[in-house]
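For reference, the chains in residue letters:
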Amino acid sequence: MLDAEKARHELEAIELKIEELASGPADGATDAQIKQLREQIRGLQADFAGFTSAWKRVQLARHPQRPHTLDYVKHLFQEFTEIHGDRAFGEDPALVAGFARFHDEWVMVLGHQKGRDTTQKLHRNFGMPKPEGYRKALRAMRLAAKFRRPIISFVDTPGAYPGIGSEERGQAEAIAKNLMEMARLPVPIVVTITGEGGSGGALAIAVGDRILMLENAVYSVISPEGCASITWRDGQKAELAAEALKITAPDLIQLGIVDQMVPEPPGGAHTSHEEMARILGPMLHSALNEARRLPIAELLEARYQKFRRMGQFFREAAG
Amino acid sequence: MTWFRREKQRLRASESSQILTEGLWIKCDGCRQIIWKKDLEPSWNVCGKCNHHFRLDARTRLRLLLDDEQYTEHDAGLESTDPLNFVDLKPYRERLESAQQATEMHDAVITAEGKMGGRPAMVCAMEYSFIGGSMGCVVGEKITRAIERSIAGRVPLVIVSASGGARMMEGTISLIQMAKISAALARLDEARVPFISVLTDPTTGGVTASFAMLGDLNIAEPGALIGFAGPRVIEQTIRQKLPAGFQRSEFLLEHGMLDAVVPRSELKSFLIRSLGFLSS
Ligand SMILES: [Zn+2]
């Protein structure tokens, strides 16, 4: 990993020099060469993406400046109109939902929402929803289904909130109900894991027809720290756990859990929200169009089979 | 296909039970009395003095629930291929092997078919002593197949949970099993084939947050620990002691999360009665 990091730095230095050259006096031949070099560098950067350590990605996924759901809403959707509440207990700011226009079409957008400063972080409960958040999400999705509007979901949470109230109000039931209902909602659902895909609290809005995942997002059954403290009995071993759990986009594509990796701008999504949205936008659109091509019955059958096939890692024991 | 017979099986199951400590005597968690283990057998591991429900292994559970203590087991040989090649302090493969040897099972659930009150029933029983009853791809697949069999044959389904949740050593694959099983349950629901979820001690994490809470009826044994987050995680998060009885069956009943808390002695008759109502 260290070698890869070193090489990446060298690549960045070369890139800077090229940009210096590019800012010099114009000259047809040099310009053509510069263009070629830039392309090569982009290729190398893409190769390096595959070598970024899992732990580095965990840190990038948690970066405070990383774009959150409402940032994507701002850059990719028009006329976003937020809706609130689960109609049963309360309103949960850790999970936002609302309708908006996406490429001239009404869609339901929902996602976990983290805060950036301390006040916002507390208000958003660090992106950890309570049962009412998941129930609001389901209410929003059912509303979308009723009026045949597609659903676009953004996943970015450390996990569902573990607290007394969460348990009293049925965190487990809320998540379970979402899993069952999302499997059969009769509209296209496109899911993007944008940051932290933290266990059941992430999965609860991550059942869909297409699953995209950002280059530096992670998606895991347990946090690396949690895993380390249980298995190694040492939370400091989180780096090892992150690697062992196979939680990165390349790993999860290989395991058949994620469909497509969304590249991030060099350095990570936090370096430019606009650039990140510019990359994600067209991929979301084509994922949605792909899902929409199928008649609803076929779409639901495909969705069922998609999850049905996940995790075929068993054999018949001899004898 | 494996058929089990009464006397031999009951003896072996209680002897190999992971819950009962070594030796012939056990201290009851409820009343602190020392009990001769044999005395627990006729009551299916329930303390005669204080009604404390000791854990019940999966095989004994199936004999408790199915007529003549007989059942046909499905997919008994299915075992994990260790998809992540997971190694922490010791390889997952070794953990699997020792669990297999200790339980004489290939993974943490038995899916079986038999009769309950004279009518066909599909019963899945989880085995807590197999890596904490955790759900990996084998548990996910076996339960999904059981649900699909229930749909195909219109056979009512009962799942008895006893699990710490998703199996960490299979990473995100184990997480996704929650979605896979829940999708199959959506189909069972649409087929209007009944499903009763029985939550036993303990049922937490990804198992609670998927099939265990999706029954047409969700019922629990008395005193079982049931929740999404584990009590220690909650204590660490909120930095305060949890109230007595928190996340126990009776607590969930009080908060509207369960249809009933049913003592083990009445479990089978409760299920038969419920399936009478639910089966059209
Ligand atoms: Zn007792």
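All values derive from a computational prediction rather than experimental measurement.

1. Observations regarding the overall build of chain B
Argument step 1. What chain B contains, in helices and strands, is ten helices and ten strands.
Argument step 2. Its C-alpha atoms give chain B a radius of gyration of 18 Å, within 12% of the compact-globule value 19 Å for 280 residues.
Argument step 3. Each principal axis of the C-alpha atoms in chain B carries an extent, and together these give about 50 × 45 × 40 Å.
Argument step 4. Going through the 280 residues of chain B one by one, you find that 50% of them count as buried.
Argument step 5. The long-range share in chain B, meaning contacts at least 24 apart out of those at least 6 apart in sequence, stands at 69%.

2. Here we look at the sheet that holds strand E5 (residues 109–116) of chain B
Residues and elements named next belong to chain B.
Argument step 1. With mixed pairing, the seven strands of this open sheet are ordered in space as E3-E5-E6-E7-E8-E9-E10. Of all the strands in the sheet, the pair left with one neighbour each is strand E3 (71–74) and strand E10 (260–261).
Argument step 2. As judged from the four bridges shared by E3 and E5, these two strands associate in the antiparallel manner. Bridging across to E5, Thr-72 finds its partner in Glu-113.
Argument step 3. Helix H3 (residues 58–65) rests against E3, E5, strand E6 (119–126) and strand E7 (157–163) of the sheet, and its axis sits at about 160° to E6.

3. A word on the packing of helix H14 (residues 296–308) of chain A against helix H6 (residues 171–190) of chain B
Argument step 1. Put simply, H14 of chain A and H6 of chain B touch, their axes get as near as 9 Å, and they point 135° apart. The angle between H14 of chain A and H6 of chain B falls in the class oblique. Note that H14 of chain A runs across H6 of chain B; the crossing there is left-handed. Along the contact surface, H14 of chain A presents Tyr-304, Phe-307 and Arg-308 of chain A, while H6 of chain B presents Ile-176, Ala-179, Lys-180 and Ala-183 of chain B.
Argument step 2. Looking at the contact of H14 of chain A with H6 of chain B residue by residue, the classes come out as five nonpolar, no polar and two charged.

4. Let's talk about the domain arrangement of chain A
Argument step 1. Assigned domains of chain A: these are domain 1 (2–42) and domain 2 (55–308).
Argument step 2. Each of domain 1 of chain A and domain 2 of chain A was reduced to a C-alpha centroid, and the two centroids are 36 Å apart.

5. What about H14 of chain A?
Argument step 1. For H14 of chain A, with 13 residues, the first-to-last C-alpha span of 18 Å sits near the 18 Å given by 1.5 Å per residue.
Argument step 2. Within H14 of chain A, burial applies to Leu-300, Arg-303, Lys-306 and Phe-307 of chain A. Down the axis of H14 of chain A, the smallest arc covering the buried residues is 120°, so these residues share one side. In H14 of chain A, the exposed positions that point more than 90 degrees away from the buried face belong to Ala-297, Glu-298, Ala-302 and Gln-305 of chain A.
Argument step 3. Considering only its buried residues, H14 of chain A is in contact with H6 of chain B.

6. Some points on the environment of Leu-21 of chain A
Residue and element names in this part refer to chain A.
Argument step 1. Counting through the fold element by element, Leu-21 comes out in helix H1 (residues 2–23).
Argument step 2. Overall, Leu-21 belongs to the partly exposed group, with 13 C-beta atoms counted inside 10 Å.
Argument step 3. Note: C-alpha distance between Leu-21 and Ile-34 (13 residues apart in sequence) is 7.9 Å.
Argument step 4. Beyond its immediate chain neighbours, meaning those up to four positions away, Leu-21 contacts Thr-30 and Ile-34.

7. A look at the interface of chain A and chain B
Argument step 1. Contact with chain A, which involves 46 residues of that partner, is made by 49 residues of chain B.
Argument step 2. Looking at the side of chain A that touches chain B, the elements that each hand over two or more residues are helix H7 (164–168), helix H8 (171–182), helix H9 (199–203), strand E7 (218–220), helix H10 (224–232), H14 and strand E9 (314–316) of chain A.
Argument step 3. The leading source of residues in the side of chain A that touches chain B is H8 of chain A, at seven residues.
Argument step 4. Classifying every residue of the side of chain A that touches chain B gives 29 nonpolar, nine polar and eight charged.

8. A look at helix H6 (residues 131–146) of chain A
Residue and element names in this part refer to chain A.
Argument step 1. An ideal rise of 1.5 Å per residue puts 22 Å on 16 residues; H6 measures up with 22 Å between its terminal C-alpha atoms.
Argument step 2. Restricting attention to buried positions, one finds in H6 the residues Pro-131, Glu-132, Gly-133, Tyr-134, Arg-135, Lys-136, Ala-137, Leu-138, Ala-140, Met-141 and Ala-144.
Argument step 3. Residues of H6 that are buried sit in contact with strand E1 (78–83), strand E2 (95–101), strand E3 (106–112), strand E4 (151–157), H7 and H8.
Argument step 4. Count one or two residues on from H6 and you reach Arg-148, which has phi positive near 55°.

9. Re the packing of H6 of chain A against H8 of chain A
Residue and element names in this part refer to chain A.
Argument step 1. Closest axis-to-axis distance for the H6/H8 pair is 8 Å, and the angle between their directions is 20°. The orientation of H6 with respect to H8, classified from their angle, is roughly parallel. Considering the relative orientation of H6 and H8, their crossing is left-handed. Contacts between H6 and H8 pair Pro-131, Tyr-134, Arg-135, Ala-137, Leu-138 and Met-141 from the former with Gln-171, Ala-174, Ile-175, Lys-177, Asn-178, Glu-181 and Met-182 from the latter.
Argument step 2. Tallied by class, the residues present in the contact of H6 with H8 amount to eight nonpolar, two polar and three charged.

10. Let's talk about the environment of Asn-45 of chain B
Residues and elements named next belong to chain B.
Argument step 1. Secondary-structure assignment places Asn-45 in the loop between helix H2 (37–40) and H3.
Argument step 2. A C-alpha to C-alpha distance of 9.8 Å links Asn-45 and Thr-60, two positions 15 residues apart in sequence.
Argument step 3. Leaving out residues up to four positions away in the same chain, Asn-45 has contacts with Leu-40, Phe-54 and Leu-56.

11. Some details on the confidence of the model for chain B
All names here are of chain B.
Argument step 1. The pLDDT averaged across chain B works out to 92; a share of 92% of its residues lies at or above 70.
Argument step 2. Counting interchain partners and residues more than four positions distant, the pLDDT-below-50 stretch residues 1–18 has 22 contacts.
Argument step 3. Prediction confidence for the complex, expressed as pTM and ipTM, is 0.89 and 0.92 respectively.

12. Brief notes about the pairing of E5 of chain B
For a regular strand, side-chain orientation follows a simple rule: the groups alternate between the two sheet faces.
Argument step 1. Direction of pairing for E5 of chain B relative to E6 of chain B: antiparallel, over a ladder of eight bridges. Each bridged residue has a counterpart across the sheet, and for Thr-111 of chain B the counterpart in E6 of chain B is Cys-124 of chain B.

Reading guide: rules and limits
- Residues numbered from 1 in each chain as written.
- Chains lettered and ligands numbered in written order.
- Predicted model: local features only at pLDDT ≥ 70, side-chain atom pairs only at ≥ 80, totals over all residues.
- Helix = DSSP H or I, 4+ residues; strand = E, 2+ residues; numbered from the N terminus.
- Rg over C-alpha atoms; globule rule 2.2 N^0.38 Å.
- Buried ≥ 20, exposed ≤ 12 C-beta atoms within 10 Å, placed from the backbone.
- Contact = placed C-beta atoms within 7 Å.
- Pairing = 2+ DSSP bridges.
- Axes fitted to C-alpha atoms, helices over the stretch in contact; angles between N-to-C directions.
- Parallel < 35°, antiparallel > 145°, perpendicular 65-115°, else oblique.
- Left-handed = near helix turned anticlockwise from the far one by under 90°.
- Nonpolar A, V, L, I, M, F, W, Y, C, P; charged D, E, K, R; others polar.
- Domains from an automatic or database assignment.
- Expected span 1.5 Å × (residues − 1).
- Arc of directions from axis to C-beta.
- pLDDT = per-residue confidence, 0-100.

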